[in-house]
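Understanding the architecture of this molecule
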Amino acid sequence: MHHDFWHQRWQNQQIGFHQDEINRFLLAHFQALGLQAGQRVFVPLCGKSLDMHWLLAQGYQVVGAELSQLAVDAFFTELKLAPEITQSGPLRHYRTEQIEIFQGDFFALTQGQLGSVDAVYDRAALIALPDEMRKQYVQHLMSITQTAPQLLISFEYNQSLVPGPPFSVSKPEVSAHYEPHYVLTELASTHQEKGMKGQYPAEETAWLLRPR
Ligand SMILES: C[S@@+](CC[C@H](N)C(=O)[O-])C[C@H]1O[C@@H](n2cnc3c(N)ncnc32)[C@H](O)[C@@H]1O
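Notes on the structure follow.

Definitions and limits used
- Residues numbered from 1 in each chain as written.
- Predicted model: local features only at pLDDT ≥ 70, side-chain atom pairs only at ≥ 80, totals over all residues.
- Heavy atoms only, no water.
- Buried < 20%, exposed > 50% of the residue type's maximum accessible area, 1.4 Å probe, protein only.
- Helix = DSSP H or I, 4+ residues; strand = E, 2+ residues; numbered from the N terminus.
- Contact = heavy atoms within 4.5 Å.
- Polar contact = N/O pair within 3.5 Å; in protein donor to acceptor, adjacent residues only side chain to side chain.
- Pairing = 2+ DSSP bridges.
- Axes fitted to C-alpha atoms, helices over the stretch in contact; angles between N-to-C directions.

**Quick look at helix 3 (residues 50–57)**
The periodicity of an α-helix, 3.6 residues per turn, causes residues three or four positions apart to be oriented the same way. The element helix 3 is largely enclosed, with a buried count of six among its eight residues. Residues Leu-50, Asp-51, Met-52, Trp-54, Leu-55 and Leu-56 constitute the buried set of helix 3. In the core, the buried residues of helix 3 are packed alongside helix 2 (24–29), strand 1 (40–44), strand 2 (61–66), helix 4 (69–78), strand 5 (99–103) and strand 6 (119–123). Immediately beyond the C-terminal end of helix 3, within one or two residues, lies Gly-59, with a positive phi of roughly 95 degrees.

**What to know about the side chain of Ser-68**
Mapped onto the elements, Ser-68 comes out in the loop between strand 2 and helix 4. One polar contact links the side chain of Ser-68 to the main-chain amide nitrogen of Ala-71, over a distance of 3.0 Å. Apart from residues no more than four positions distant in its own chain, Ser-68 is found in contact with His-7, Trp-10 and Gln-103.

**Focus on the sheet that holds strand 7 (residues 150–157)**
What the nine strands build is an open sheet, ordered 3-4-5-2-1-6-7-9-8; its pairing is mixed. Where the open sheet ends on each side, the last strands, each with one partner, are strand 3 (84–88) and strand 8 (182–196). If you compare each strand with its neighbour and ignore which way they point, the axes differ by 20 degrees on average. The strands that helix 7 (residues 171–178) touches are strand 7, strand 8 and strand 9 (200–211); relative to strand 8, the one it contacts most, it runs at about 150 degrees.

These results come straight from atomic positions and should not be treated as a statement about function.
As structure tokens, then:
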């Protein structure tokens, strides 16, 4: 997926992926990670997700990575916060007391820039990427987070009916990516007859990934 694709999405406000409510799997299952307030949660490809508002309200430190400056600016505006902004290599680093966002290409973010994280929350990051990029995403994510535990939400539908994003990522594919490094637990799954763009059946699954 080219960067221009996402920049245009944000420019034209074609952000159907953005949820107006906190994700129900996050609400129901984040506690499975067993974190304490003050611990650091990484949200890759974070957009301006309200899920980060919820994580902040629970007292976690939140670190996001997002390509679009429009998204990052909107995120801080909606929170009524004025971050300190510095350049960090090719990325822009937005920082307040409880939040950091690295704006730029996720694949350019290093472990040194990110620092230590206690967990990863992946909603619509893995499934935002086409097949060949997903392998790179998984490798890079595990590398920069040192295989931190994850709450991951995957999404599956008949890919031949409609192109992504979101892309269909099957349960076997999730296992193939992560099983060598994590113990995977399927926490919950929901099937919706018109879950893909209001037209096609889709299944959404929440996973707990614990490092082996
Ligand atoms: C499907 S959206 C999901 C956003 C967010 N996780 C949510 O739940 O609303 C994917 C996001 O990833 C961002 N993105 C795509 N490629 C990226 C990259 N290489 N580095 C950083 N962010 C990227 C896009 O701009 C977009 O905001």
